[in-house]
Amino acid sequence: MKKMLLAFLLIAFFALYAVSARAHGGDLLLLPLPAGRDPGFTPAGMVQPSVAAIAPTAAPGLVSVAAGEPSATPAPAESTPVAAVGQYRDGTYVGQSADAFYGLVQVQAVVSNGAVSDVAFLDYPHTHGTSVSINSYAAPMLVQEAISAQGADVDVVSGATLTSLAFRQSLESALVRAKA
Amino acid sequence: MGMPVVVEISGGSAGAMLFERVFSYLEYVDRKFSVFKQDSETTRINRGEISMEDCSGDMSEILALAERTKLESNGYFDIVTPSGSIDPSGIVKGWAIRRAADILSQAGVANYYVYAGGDIQTRGEKGPNRPWTVGIQHPFDPKRVVKVVKLRGEGIATSGCYARGNHIYNPLEPGAPASELVSITVIGPDVYEADRFATPAFAMGNSGIDFIDGVPGLEGYAIDRNGTATMTRGFGKYVDAT
């Protein structure tokens, strides 16, 4: 339960983070993860309880492929200390994989012009049965196909006949032309 | 109902009277609800001659069901037209076909379908171990089908607009964009459920199939203007059924 809460807070934090970053472009908690740093993924360890109220589905809205290939390395090559509170080095930063109970979560944040411009999931829980349904709720992947005429005999056909509304619209437009 | 009606009964025998009762019932529904009939109850309500509080039992039921469907479809189903009049045809058809099917069931008929205006209520089977086979109409080639599903008691409804080529002008909403889908077919536990959700799902465009996917008990097959079909996660069971 704690781990699930952590996962939600994690995702919700980034949701709140990206939203506030776009709005304020400044005072942020996220620090780029220099090499060798202790991996605790929660940046400052301090997450507002109210952040947990943001539904996990808020996060998928932020999932976007950051420009360029997702980094396979867990940290940028050189250490990039924070220049000042609110100032962040432009670049792509990958968080450590975090155990979200249903699987691993790994997030990549892109900073440009000193603000987070993109947050992307590099890995998200997808192996546990429950986590599959959580992700499916957020963005179900439905099967698609190109239609093609079938040769089979059928008993009856279901199709869209002209609806009453369409019929009336057509009639009205004809009457409008008739008046002109 | 101002549209073709077909009833097929399999196995057993049914007298002409029973078919007549089904057709008569659907004619009654058409007389009462059609917006194209000058003296239908719908038209009289729209002319202000009857208030909704004083309307008939069937109309009251339709109005209540429409209100519930509007809530369940996040407002995408609405029998109130832009001009303020009501047009309940998006829910009456499925409701009436199911009622018509009940006439057959109550008369002891176990295997049949009732088809009206592109929507179908099935019951039982076409033959021993042989489900009813229903084709989904090809949106660009009316004499062909694009998919075959096997039903044993489910209802199926298709909502859409096949007109292509010339832009579809809507005199009621001149600025409205053309629909993203050409059709969406919904399979449900009965044709009333299928029909009342197919109507708003079509209006939702590309999101409609996600909406259907999220409603327990419904499966769907949406076709867009490019001929790409998207199906709900459980739709395949009706394709693969034997």
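The structure this text deals with has already been given above.
Residues numbered from 1 in each chain as written. Chains lettered and ligands numbered in written order. Predicted model: local features only at pLDDT ≥ 70, side-chain atom pairs only at ≥ 80, totals over all residues. Heavy atoms only, no water.

Engineer: Is there a simple way to explain the interface of chain A and chain B in this structure?
Structural biologist: How big an interface is tends to be stated in terms of accessible area lost as the parts join. If you look at the interface, chain A gives 29 residues, while chain B gives 51 residues. Summed over both partners, the interface of chain A with chain B comes to about 3,300 Å²; 58% of that surface belongs to carbon and sulfur atoms. Of all residues in chain A, the largest losses of buried area upon contact with chain B belong to I147(A), D155(A) and S158(A), amounting jointly to 21% of the total for that side. Counting every contact that joins chain A to chain B gives three salt bridges. Taken together, the connections running from chain A to chain B amount to 16 residue pairs in polar contact (both at pLDDT 80 or more). Taken together, the elements giving at least two residues each to the side of chain A that touches chain B come down to β5 (144–146), β6 (156–158) and α3 (164–179) of chain A. Considering each element in turn, the side of chain A that touches chain B owes the most residues, seven residues, to α3(A). In terms of residue class, the side of chain A that touches chain B is built from 13 nonpolar, eleven polar and five charged. Sheet topology places β5(A) next to strand β9 (residues 228–231) of chain B; three bridges connect them, and they run antiparallel. (Contact = heavy atoms within 4.5 Å. Buried area = accessible area lost by both parts, 1.4 Å probe. Salt bridge = Lys/Arg side-chain N within 4 Å of Asp/Glu carboxyl O. Polar contact = N/O pair within 3.5 Å; in protein donor to acceptor, adjacent residues only side chain to side chain. Helix = DSSP H or I, 4+ residues; strand = E, 2+ residues; numbered from the N terminus. Nonpolar A, V, L, I, M, F, W, Y, C, P; charged D, E, K, R; others polar. Pairing = 2+ DSSP bridges.)

Engineer: What's the story with the sheet that holds strand β8 (residues 219–224) of chain B in this structure? I'm lost.
Structural biologist: The strands making up a sheet associate through hydrogen bonds between their backbones, and the pairing can be parallel or antiparallel. Here we have eight strands laid out as an open sheet, ordered β5(A)-β9(B)-β8(B)-β7(B)-β6(B)-β3(B)-β2(B)-β1(B), and antiparallel in their pairing. A single partner strand is all that each edge strand has here, and the edge strands are β5 of chain A together with β1 (5–9) of chain B. In this sheet, neighbouring strand axes are inclined to one another by 15° on average, regardless of whether the strands run parallel or antiparallel. Here five bridges tie β1(B) to strand β2 (residues 112–116) of chain B, and the two strands are oriented antiparallel to one another. (Axes fitted to C-alpha atoms, helices over the stretch in contact; angles between N-to-C directions.)

Engineer: I would appreciate a short explanation of helix α5 (residues 191–203) of chain B in the present structure.
Structural biologist: Along an α-helix, residues three or four apart share an orientation, since each turn contains 3.6 residues. Residues and elements named next belong to chain B. Taking 1.5 Å as the rise per residue, α5 with 13 residues should run 18 Å; its terminal C-alpha atoms sit 19 Å apart, in good agreement. Residues of α5 that are buried: V191, Y192, E193, A194, D195, R196, F197, A198, P200, A201 and F202. At its buried positions, α5 is contacted by α3 (57–72), α4 (89–106), β3 (119–123), β6 (155–160), β7 (181–188) and α6 (208–214). A side-chain oxygen of the first residue of α5 lies 2.9 Å from the backbone nitrogen of Y192; this N-cap is D190. Positive backbone phi, approximately 70°, marks G205, located one or two places after α5. (Expected span 1.5 Å × (residues − 1). Buried < 20%, exposed > 50% of the residue type's maximum accessible area, 1.4 Å probe, protein only.)

Engineer: Got a minute to help me understand the pairing of β7(B) in this structure?
Structural biologist: In summary, the side chains of a regular strand alternate between the two faces of the sheet. All names here are of chain B. Where burial is concerned, most of β7 is hidden: eight out of the eight residues are buried. Where β7 lies against β8, six bridges are found, and the strand directions are antiparallel. Across the sheet, V186 pairs through a bridge with G220, a residue of β8.

Engineer: Looking at this structure, how should I read the side chain of D213(B)?
Structural biologist: Inspection of the secondary structure puts D213(B) in helix α6. Overall, D213(B) belongs to the buried group, its relative accessible area being 12%.

Engineer: Sorry if this is basic, but what is going on with unusual backbone geometry here?
Structural biologist: Trans is the prevailing form of peptide bonds, just as negative phi is the prevailing case for residues other than glycine. Residues and elements named next belong to chain B. The phi dihedral of N74 is positive, around 55°, even though this residue is not glycine. Along the chain, N74 turns up in the loop between α3 and α4. For N74, a relative accessible area of 60% gives the class exposed. With a phi angle near 55°, N129 is a residue other than glycine that sits in the positive phi range. Turning to its location among the elements, N129 is positioned in the loop between β3 and β4 (132–137).

Note that every value here comes from positions in space, so none of it alone points to a role or purpose.
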